[in-house]
Amino acid sequence: MSEAWQIFADHVRLSVRLTPNGGRDAIDGFETGADGEAYLKARVSAVPEKGKANKALIALLAKSFGIPKSSVSLISGDTARKKILRIDGDPEDLIGKLNAIAKN
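Residues numbered from 1 in each chain as written. Predicted model: local features only at pLDDT ≥ 70, side-chain atom pairs only at ≥ 80, totals over all residues. Heavy atoms only, no water.

1. As for the overall build of the chain
Convention followed: Elements are defined by DSSP. Helices are runs of H or I of four residues or more, strands are runs of E of two residues or more, and each kind is numbered from the N terminus. Both definitions apply: the radius of gyration is a C-alpha atom measure, and the globule rule equals 2.2 Å times residues to the power 0.38. Remark: exposure states derive from per-residue accessible area (1.4 Å probe, protein chains only) relative to the maximum for the residue type, with buried under 20%, exposed over 50%, and partly exposed in between.
Tallying secondary structure elements over the chain gives 2 helices and 6 strands in all. The linear arrangement of helices and strands in the chain, starting from the amino end, is β-β-β-β-α-β-β-α. The C-alpha atoms of the chain give a radius of gyration of 13 Å, which matches the 13 Å a tight globule of 104 residues would have. Dimensions of the chain along its principal axes, counting C-alpha atoms only, are 35 × 35 × 25 Å. In the chain, buried positions account for 38% of the 104 residues.

Shown next as structure tokens:
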């Protein structure tokens with residue numbers, strides 16, 4: 001099984017599977033897909049049109065990490081359920097927060 005993140009010198013890349021129209025904004029932990037790839041499961045109440053769900057995901061992650069929204073950016077998956085996000089900051093600190101978030 002692979003990790004849902006990749007560590008770089010000044011940021012972390014996080015794989016996310018987003019469910020728009022999810023009824024609420026929440027992080028539902030980590031999961032491994034049939035392809036063996038791990039990802040963070042997240043849901044947002046926003047609809048998947050005009051980037052609203054992506055913006056809601058960025059806001060959710062920024063709030064969960066306690067960082068500014070400008071520190072989270074979408075690398076790929078603009079219109080797909082599976083996305084890769086870049087989260088700027090100290091990788092060790094970010095991984096610690098990721099693990100804590102996933103356990104809640």
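2. Notes on the pairing of strand 6 (residues 82-88)
Operational definition: Pairing between strands is defined by DSSP: at least two bridges between them are needed.
The alternating pattern of strand 6 places K83, L85 and I87 on a buried face and K82, I84, R86 and D88 on a face that is not buried. When strand 2 (residues 11-19) meets strand 6, the two strands line up antiparallel, connected through 7 bridges. Across the sheet, R17 pairs through a bridge with K82, a residue of strand 6. Sheet analysis places strand 5 (residues 72-76) next to strand 6, joined by 4 bridges and oriented antiparallel. Residue pairing across strands places S76 opposite I84, the latter belonging to strand 6.

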